[in-house]
Amino acid sequence: MDKKPIYVTMPTLAPRQEVDQLLDGVWESGIMTHNGPLVQRFEKEVCSFLKVPQMVSCCNGTIALQMAIKAIEKKGEIITSPFTFIATISSIMWEHCTPVFVDIDPDTLNIDPSKIEEKITCHTVAIMPVHVFGNACQIDEIDAIARKHNLKVIYDAAHAVGVNYKGKSIMEYGDISCTSFHATKMLNTAEGGGIFTLDKNIDAKLRRIRFFGFENHADIVEDGFNGKMTEVHAAVGLANLKYLSDALQDRKLKYARYKEILSQNPELRFQKITSDCNCSYFPVIFKDEATTLRVIESLQKGNIFPRRYFYPSVNTFTHLVPYVPMPVSEDIASRILCLPLHIRMTMDDVEQIAESVCNILNKLTHSVR
Ligand code: T4K
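So, here's what we can say about the structure. Counting from 1, residues in each chain are numbered in the order their sequence is written. Where totals are concerned, whole chains, interfaces and linings use all residues; where local detail is concerned, this predicted model gives features only for residues with pLDDT of at least 70, and gives and counts side-chain atom pairs only at 80 or more. Hydrogens and waters are ignored; side-chain quantities use all the structure's heavy atoms.

### So, the sheet that holds strand 5 (residues 124–128)
Phase 1: Two strands pair if DSSP finds at least two bridges between them. Working definition: helices are DSSP H or I runs of at least four residues, strands are E runs of at least two. Numbering for both runs from the N terminus. A sheet is described by the order of its strands in space; here seven strands give the open sequence 2-10-9-6-5-3-4, paired in mixed fashion. Bordering the open sheet on either side are strand 2 (56–58) and strand 4 (98–101), each of which pairs with just one other strand. The mean angle between the axes of side-by-side strands here comes to 25 degrees, regardless of whether they run parallel or antiparallel.
Phase 2: Across four bridges, the pairing between strand 3 (residues 77–80) and strand 5 is parallel. By the bridge assignment, Glu-77 is partnered in strand 5 with Thr-124.
Phase 3: Contacting strand 2, strand 3, strand 5, strand 6 (152–156), strand 9 (176–180) and strand 10 (193–196), helix 3 (residues 61–72) runs over the sheet at an angle of about 165 degrees to strand 9. Between the N-to-C directions of two axes lies an angle of 0 to 180 degrees, each axis being a line fitted to C-alpha atoms and, for a helix, fitted only over the stretch in contact. It only takes one pair of heavy atoms within 4.5 Å for two residues to be counted as in contact.

What follows is the structure, given as structure tokens:
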């Protein structure tokens, strides 16, 4: 019999009956959406888990970014990373702003703060860095540049639930931080997003933007749209939230085991991560693209499905943006692979995958001799 496939990730899901219990209340009340009781409870419980004062939930992480851009009320150039998922860029463009890329640091895989200032023009309105794979950006440097040039900072924290920086949640940094509760993320509501700000006025504005721009169901006071999370999604999120600590712990243990085995091969490179990273992904960087493709091919033969996050570098999507070379991002994108990492895998799976990668690399080395 074929081995069960192992995907790059799978959702952490609470037992069905725990979701069903919450859904019983939804069915009984008939309240399905419009900032219902479960959405409000989900927001409160996420805040208490992360120890942050407030969060506005919404329908997905892309819309979270768009709502954040709407909330800063500025149109112009937004400086961001080319090493990210397309949603970072499309959210900027849907808000009639222009993405301006700044290359990444080859070690952290996050935007390189030393290259930001040279890209600031009189049209720059904001910086949108990405905490890639849950690894905190160089927040102090970025915030200093933003203050000096009077720019807003919106963090794309789609991967960063459970990440801390200098003893507090990473969601507390910048003017606004946006996360994703997609099925593939640390905490999932199937589809969903969350927006964090310490500014009560921005928080209130985001709530109006999420609800068509209405104030008190009467006047339209914002450029809003429908960004709401439903009660059904909030029920899934509330049930899953109880297992978030376990999921975070599980990821860290498996990440450490991968690293221990794969570090034996001097050819491999790893993302340089901060100590409070959530280890939500396990990226490994090979010496070149040909090796990366051979590893993918061999793993897939064993029903193991790693993913090329993020390939290609988004500055090369010329249907969307004019090409500007980003040598570091393009190079890393061509030879990085995220290995499977999720709660449904066993530690044996991790060990077998890591050993398979080492074996494939050994074979490749000997075949070229
Ligand atoms: N900013 C950043 C930096 C992001 O990475 C993302 C999203 C966003 C913003 C926007 O957030 P959202 O609008 O999505 O909330 C996935 C996700 O769709 C996307 O959320 C994520 N980043 C991106 C990095 O990855 P795919 O196309 O690679 O995922 P997919 O559907 O192939 O799933 C990967 C594996 O996960 C599958 O092989 C099996 C497993 N899976 C997937 C789904 C959808 C499940 O087990 N169950 C599922 O329901 O994009």
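That was the structure; now back to the text.
### Focus: the side chain of Thr-9
Phase 1: Along the chain, the position of Thr-9 falls in the loop between strand 1 (6–7) and helix 1 (16–29).
Phase 2: In contact with Thr-9, not counting residues within four places along its chain, are Thr-184, Arg-251, Leu-341 and His-342.

### Details of the sheet that holds strand 13 (residues 269–270)
Phase 1: The three strands are arranged 13-14-16 in an open sheet whose pairing can be described as antiparallel. Of all the strands in the sheet, the pair left with one neighbour each is strand 13 and strand 16 (336–339).
Phase 2: Examined bridge by bridge, strand 13 and strand 14 (residues 282–285) share two bridges and lie antiparallel to one another. By the bridge assignment, Phe-270 is partnered in strand 14 with Val-284.
Phase 3: Packing of helix 8 (residues 244–262) onto the sheet brings it into contact with strand 13, strand 14 and strand 16, and relative to strand 14 it is tilted by some 20 degrees.

### Regarding the pattern of salt bridges
Phase 1: For salt bridges, the criterion is a side-chain nitrogen of Lys or Arg within 4 Å of an Asp or Glu carboxyl oxygen. In the structure shown here, the tally under the stated rule is 23 salt bridges.
Phase 2: One salt bridge in this structure joins Lys-115 and Asp-112, with 3.8 Å as the shortest N-O distance.
Phase 3: Between Asp-140 and Lys-166 there is a salt bridge, and its shortest N-O distance comes to 2.4 Å. In this pair, Asp-140 sits in helix 5 (residues 139–149) while Lys-166 sits in the loop between strand 7 (164–165) and strand 8 (168–169), placing the two residues 26 residues apart along the sequence.
Phase 4: Whether a residue is buried, partly exposed or exposed follows from its accessible area with a 1.4 Å probe, protein chains only, as a fraction of its type maximum: under 20%, in between, or over 50%, in that order. Looking at Lys-166, the relative accessible area reads 60%, which means it is exposed.
Phase 5: Here the residues in one salt-bridge network are Glu-73, Lys-205, Arg-208, Glu-215 and Glu-222, joined through shared partners.

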